Amino acid sequence: MKRHYLSLWLLLVSALSFFVIAEICGLPTLGSHQLKAAGFVDALRGEEVAPLRELDADTAFFVPDSMVMEVIPTFPMPCDTASQTILLIGDSMLEGLGPRLAAYAEYNGHTLYTVMWYSSTSEVWGRSDKLKHYIEKLQPTYIVVCLGANELIVKDIVAKRERYVKKILADIDTIPFLWIGPPNWRDDTGINDLISSHTPRGTFFLSNGMTFERAKDGAHPTRPSAAAWLDSVIRWMPANALHPIRLDVPVRTAGKAKRIFVHQPDEK
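Every value quoted in this text rests on a predicted model; they were computed, and no experiment measured them.

Student: For this particular structure, what's the right way to read the overall build of the protein chain?
Tutor: Along the backbone of the protein chain there are eight helices and eight strands. Classification of the 268 residues of the protein chain by burial places 40% in the buried group. Contacts in the protein chain between residues far apart in sequence, at least 24 positions, make up 78% of those at least 6 positions apart. For the protein chain, the exposed surface amounts to about 16,500 Å²; the carbon and sulfur share of it is 57%.

Right, dumping it as structure tokens:
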């Protein structure tokens, strides 16, 4: 029995000696793998060895930040065929978009609520808690935003509007959404780039570059042109949207939201 223990100790000492000598003389390579130092030499010299990172009870294993890979969606994304509660928010462009989206909602079994804030901008919505209020009140499962038309010529757009775009997106949080960009009637100073730079792929529809029939003010698309605008968004969604939902083309050209909330420019 003693001879057995003696053989075991000799084996352990031999193994330790091998690793100490290997660390001193340089670690060998096994195939394509380079052996790493275990810190035996530093321990024998009395030098401090960095402790291993402790894992908490909820951590199954540790993965360095450099090894964490972003999950990139593969388009087209699967269509959510469930009935949705849709919240449409934005500026006066909703006068044309709202009735057409309502027709889609009615035909596909969705419920639509519209919140139209005249002359509003990302700043107006970002300074307000109205979006958060309507989300809590109506519990939407899908949000459509149409903002930016009143910000086409704002100078220093990033400095003046970025924090408000971020605030709107923070209020939306994890709710699936789509932001419809403004129907440019002139070159903008960067509002489209600003919105697209802060929204994930598949959540921003660039309207700039489309052709519209305009109302007398030269800015708003006519009702038929606004309906065609929304139809273009709907056709784009199946192959390009991050969160496509069931939106088969309705028989009726216009519908009515379950409820329309209207706010005036001077409201806060």
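Student: When you look at the packing of helix α5 (residues 130-138) against helix α6 (residues 157-172) in this model, what are you seeing that I'm missing?
Tutor: Any two packed helices are characterised by how steeply their axes cross, that is the angle between the axes, and by the distance between the axes. At a closest axis distance of 9 Å, the pairing of α5 and α6 adopts a crossing angle of 10°. Accordingly, the angle class assigned to the pair α5 and α6 is roughly parallel. Residues Leu131, Lys132 and Ile135 of α5 lie in contact with α6, whose contacting residues are Ile168, Asp171 and Ile172.

Student: Where do I start with the confidence of the model for the protein chain in this structure?
Tutor: One rule of thumb: low pLDDT means the predicted coordinates there are not for detailed reading. Of the residues in the protein chain, 74% reach a pLDDT of 70 or more, and the chain-wide mean stands at 85. Taken together, the stretch residues 40-44 has pLDDT below 50 and engages in 11 contacts with residues farther than four places along the chain or on a different chain.

Student: Looking at this model, I keep getting lost on the sheet that holds strand β4 (residues 111-117). Mind explaining?
Tutor: The strands that make up a sheet pair up through hydrogen bonds in the backbone, lying either parallel or antiparallel. Strands sit in the order β7-β6-β5-β3-β4-β8 across an open sheet of six strands; the sheet is parallel. In this open sheet, the two strands that pair with only one neighbour each are β7 (204-205) and β8 (259-263). The pairing of β4 with β8 spans five bridges and is parallel. Residue pairing in the sheet places valine 115 in a bridge with phenylalanine 261 of β8. Packed onto the sheet, helix α3 (residues 94-108) meets β3 (85-90), β4, β5 (142-146) and β6 (177-180) and runs at close to 175° relative to β4. Against the sheet, helix α8 (residues 223-240) touches β5, β6 and β7, its axis set at about 135° to β6.

Student: Looking at this model, I keep getting lost on the pairing of β5. Mind explaining?
Tutor: Within a regular strand, side chains alternate between the sheet's two faces. Counting buried residues along β5, five of its five residues qualify, which places the element largely inside the surrounding structure. Of the two faces of β5, the one carrying Tyr142, Val144 and Cys146 and the one carrying Ile143 and Val145 are both buried. Bridge count between β3 and β5: five bridges; the pairing is parallel. Residue pairing across strands places leucine 88 opposite valine 144, the latter belonging to β5. Strand direction decides the pairing type here: β5 and β6, joined by four bridges, are parallel. Bridge pairing in β6 links valine 144 to leucine 178. Regarding the hand of the β-α-β motif, the stretch spanning β5, α6 and β6 is right-handed.

Student: Any chance you could explain the packing of α6 against helix α7 (residues 191-198) here in plain terms?
Tutor: Packing of α6 against α7 brings their axes to within 10 Å, and their N-to-C directions diverge by 40°. When the axis of α6 is compared with that of α7, the two are oblique. For the pair α6 and α7, the crossing hand works out as right-handed. The segment α6 lies against α7, with Ile157, Val158, Arg161, Glu162, Val165, Lys166 and Leu169 engaging Ile191, Leu194 and His198. Residue composition of the contact of α6 with α7, grouped by class: six nonpolar, one polar and three charged.

Student: How do you make sense of the side chain of aspartate 171 when you look at a structure like this?
Tutor: Topologically, aspartate 171 is positioned in helix α6. With near-sequence residues (within four places) excluded, aspartate 171 lies in contact with Leu131, Lys132 and Ile135.

Rules of the game
Residues numbered from 1 in each chain as written. Predicted model: local features only at pLDDT ≥ 70, side-chain atom pairs only at ≥ 80, totals over all residues. Heavy atoms only, no water. Helix = DSSP H or I, 4+ residues; strand = E, 2+ residues; numbered from the N terminus. Buried < 20%, exposed > 50% of the residue type's maximum accessible area, 1.4 Å probe, protein only. Contact = heavy atoms within 4.5 Å. Areas by Shrake-Rupley, 256 points an atom, 1.4 Å probe, with all protein chains shown as cover. Axes fitted to C-alpha atoms, helices over the stretch in contact; angles between N-to-C directions. Parallel < 35°, antiparallel > 145°, perpendicular 65-115°, else oblique. pLDDT = per-residue confidence, 0-100. Pairing = 2+ DSSP bridges. Right-handed = clockwise from strand over helix to strand, strands pointing away. Left-handed = near helix turned anticlockwise from the far one by under 90°. Nonpolar A, V, L, I, M, F, W, Y, C, P; charged D, E, K, R; others polar.

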